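# Observations on the model geometry
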Amino acid sequence: MSGWLRQHRQALGAALAKLAAQKSAALLNALVIGIALSLPAGGYALLASLQGAAQRIALDPQISVFLRPEAKRPEAEALGARLKGDARVREARFVTREEALRQLQAAEGLAEVVAALGRNPLPDAWIVRARATEPAALEALAAEIGKWDAVAHVQVDSAWARRLGALARTARLAIGLLAALLAFGLVAITFNTIRLQILTQRAEIEISSLIGATEAFIRRPFFYLGALQGLAGGVLALAILWASLAALNLGVRELAESYGSAFRLAFLEPGDALAMVAFSGGLGWLGAYMSVSRYLREMQPL
Amino acid sequence: MISFSGVAKRYPGGQEALKGVSFSIEPGELAFVAGHSGAGKTTLLKLIPAIERPSAGAVLVNGQNVGALKRAAVPYLRRNLGLVFQDQKLLYDRSVYDNVMLPLAFSGLATREAARRARAALDKVGLLARERANPIQLSGGEQQRLAIARAVVNRPSILIADEPTANLDADAANAILEIFLAFHQVGVTVLIATHDEALIGRYARRVLRLAQGRLAA
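Thresholds applied
- Residues numbered from 1 in each chain as written.
- Chains lettered and ligands numbered in written order.
- Predicted model: local features only at pLDDT ≥ 70, side-chain atom pairs only at ≥ 80, totals over all residues.
- Contact = placed C-beta atoms within 7 Å.
- Helix = DSSP H or I, 4+ residues; strand = E, 2+ residues; numbered from the N terminus.
- Nonpolar A, V, L, I, M, F, W, Y, C, P; charged D, E, K, R; others polar.
- pLDDT = per-residue confidence, 0-100.
- Pairing = 2+ DSSP bridges.
- Axes fitted to C-alpha atoms, helices over the stretch in contact; angles between N-to-C directions.

### With respect to the interface of chain A and chain B
On the chain B side, the residues contacting the 16 residues of chain A number 14 residues. Contributing elements (two or more residues each) for the side of chain A that touches chain B: α1 (3-21) and α8 (202-210) of chain A. The leading source of residues in the side of chain A that touches chain B is α8 of chain A, at 5 residues. Grouping the amino acids of the side of chain A that touches chain B by side-chain chemistry returns 8 nonpolar, 6 polar and 2 charged.

### Side note on the confidence of the model for chain B
Low pLDDT means the predicted coordinates in that region are not meant to be read closely. Mean pLDDT over chain B stands at 93; residues scoring 70 or higher make up 100%. The complex model carries a pTM of 0.75, and its ipTM stands at 0.91.

### Notes on the pairing of strand β2 (residues 16-25) of chain B
All names here are of chain B. One ladder, built from 6 bridges, connects strand β1 (residues 2-10) with β2; its direction is antiparallel. Bridge pairing in β2 places Arg10 opposite Glu16. Where β1 folds back on β2, the antiparallel hairpin that results is connected by 5 residues, among which Gly13 adopts a positive phi of roughly 110 degrees.

### Quick look at the sheet that holds strand β3 (residues 125-130) of chain A
Residues and elements named next belong to chain A. Reading across from one edge, β2-β3-β1-β4 is the order of the 4 strands in this open sheet, with antiparallel pairing throughout. Each having just a single partner strand, β2 (89-95) and β4 (151-156) make up the two edges of the open sheet. When strand polarity is set aside, the average angle formed by the axes of neighbouring strands in this sheet is 20 degrees. Bridging between strand β1 (residues 62-67) and β4 involves 5 bridges; their strand directions are antiparallel. By the bridge assignment for β4, Ile63 is matched with Val156. Packed onto the sheet, helix α3 (residues 73-85) meets β1, β2, β3 and β4 and runs at close to 165 degrees relative to β2.

Written out as structure tokens, the structure reads:
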């Protein structure tokens, strides 16, 4: 084995021994980092799950064309023929006001409400699927249909997808800000831990330097210590996130099944999870680097 | 070989510890640096491993001007020197054995060879039986011997000791001196600072006598 590799192995061994010697303190540090990191990671996982659902809606956008309540059946059929004749329309399905009411009555908890209404307040409607899927084209089409005879109101599902998209972008920005703040916090935590470690090892550092240890040799174990602490924090954050999502999914499953959906909050992708642990380790290393640069230089007897 | 020519050392604040010091020590020589406390003995010794840098003049160690060494080169200079400090600088959070292993950790030696050398060094100073002990359990003389074992474990060609017999009774002090003599006899250059005139008198060796920072003839 080369001397260089042996020195790194020694430094890693020294760092692991330090962690083992201070198990509870090391665990608490990793826990603080883990909890801090699990917040943006959790936000990211929730957002990814919701965006997945939003994309499924947006992929199959519907335009609901509601007729005026007073419109007669021939008018509705004329509108249908015009819709079906339009090149931009892939499919148009007629939903009578009676059918719409039956669907509403079938919905959970709404039967009593419908019964209380006495008469059917719903209009006839055409459910249109367009050939285009991009929101701008859909909205242009909807606006045009809205001006046709007998049409009272046109609603585009993609508007919701678009709003959801804007909301997701805002949420993503918020999560990014949170992650950046907590990354600073993580660096500060490591900075301070390494500072304390340097102070407790003051004698060893001073003596090592006096009898011929290079700066790199003295610094190395602290870098490993910081990186290991960050890695441990990252792994703990994943564990916290996994347990939290599992607990949340108990509730989500029930809710989704009542809507006939198999929607679940998904854990991070393996690549994302790995990247997060690596990022955490890197931040630990950075904190250690800053601390070591700041405190070792002023201590060395040169 | 150690050579000082016109060396002065002025500490920040204006205190002049050494003034115009010139001398030369041949390879394999044993010499004492004598003088009262405050005469500049410790400063003189600290210039050799570049713990302090001279304000003027040149300090040569094995032909190398150590006063002009780059910071990054200093560790390699120190590895070739055996240093015994006035306050010993032992680590009390580890065993006698681990104290001696410390300088071997950064020399990149294989573990087995390092262990062999550490035990050989402890054996030379008569502490092999105490390798599992903590330095705090050792007597003053034993602690000093441990400091010597750590200094020689890298097999330096030059051994420098600052007041190695301070606070020791005459028997313990003699035992320490005998160890230095043994290294001197196998060709190691030895430089010992002491204020103990009786000790210097017992061993008729070259003496560099310092008084108020100047070398007396």
